[in-house]
Amino acid sequence: MKTLRQVKIGETVKVVKLHGEGAVKRRIMDMGLTRGTEVYVRKVAPLGDPIEVTVRGYELSLRKADAEMIEVE
C-alpha cells in the first residue's frame, strides 16, 4: 500500500482508497480527493509538513497525517 505522503515531488498518482473515519474522511472528500481522482504532487515543505498538491485544477495543502490516509497507485 502506497500513501500520498510517500509520493515524490513531480509525480502524478491516482487515489485508490481513503482511510479514516467520520469527519476526517468527509473533509478529505470535500476537498476533492475522491476515488479515481488524479493528484499531482507539487511541493513538500522542508520538514515534510505540509504537502502541496494539485487536484481537479486547484492547489491544495495537506498535513502529513491527512496524506497518510490517502492510498494511491
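To keep things clear, this report deals only with the structure shown in the data block.

Reading the values: the criteria
Residues numbered from 1 in each chain as written. Predicted model: local features only at pLDDT ≥ 70, side-chain atom pairs only at ≥ 80, totals over all residues. Heavy atoms only, no water. Helix = DSSP H or I, 4+ residues; strand = E, 2+ residues; numbered from the N terminus. Buried < 20%, exposed > 50% of the residue type's maximum accessible area, 1.4 Å probe, protein only. Contact = heavy atoms within 4.5 Å. Pairing = 2+ DSSP bridges. Salt bridge = Lys/Arg side-chain N within 4 Å of Asp/Glu carboxyl O.

1. Considering the side chain of Thr 3
Assignment of secondary structure puts Thr 3 in strand S1 (residues 2-3). Residue classification places Thr 3 among the buried residues on the basis of a relative accessible area of 7%. Each residue touching Thr 3, except ones within four places of it in the same chain, is listed here: Ala 67, Glu 68, Ile 70, Glu 71 and Val 72.

2. Some thoughts on the pairing of strand S3 (residues 38-44)
By the bridge criterion, 3 bridges tie strand S2 (residues 12-18) to S3 in an arrangement that is antiparallel. Residue pairing across strands places Lys 14 opposite Glu 38, the latter belonging to S3. Relative to strand S4 (residues 51-55), S3 runs antiparallel, the two sharing 5 bridges. Bridge pairing in S4 places Val 41 opposite Val 53. Where S3 folds back on S4, the antiparallel hairpin that results is connected by 6 residues, among which Gly 48 adopts a positive phi of roughly 90°.

3. Concerning the pattern of salt bridges
A complete count under the given rule lists 7 salt bridges for this structure. Residues Asp 30 and Arg 26 are paired through a salt bridge, measuring 3.2 Å at the closest nitrogen-oxygen approach. Pair noted here: Asp 30 and Arg 26 are both in helix H1 (residues 22-30), with a separation of 4 residues, about one helical turn. Here Arg 27 and Asp 66 are joined by a salt bridge, their closest N and O atoms 3.4 Å apart. One end of the pair, Arg 27, is in helix H1; the other, Asp 66, is in helix H2 (residues 64-67), with 39 residues separating them in the sequence. Arg 27 gets classed as partly exposed once you look at its relative accessible area, which sits at 33%. Using a relative accessible area of 3% as the deciding quantity, one classes Asp 66 as buried. A network of salt bridges, in which partner residues are shared, links Arg 27, Arg 63 and Asp 66.

By themselves these figures say nothing about function.
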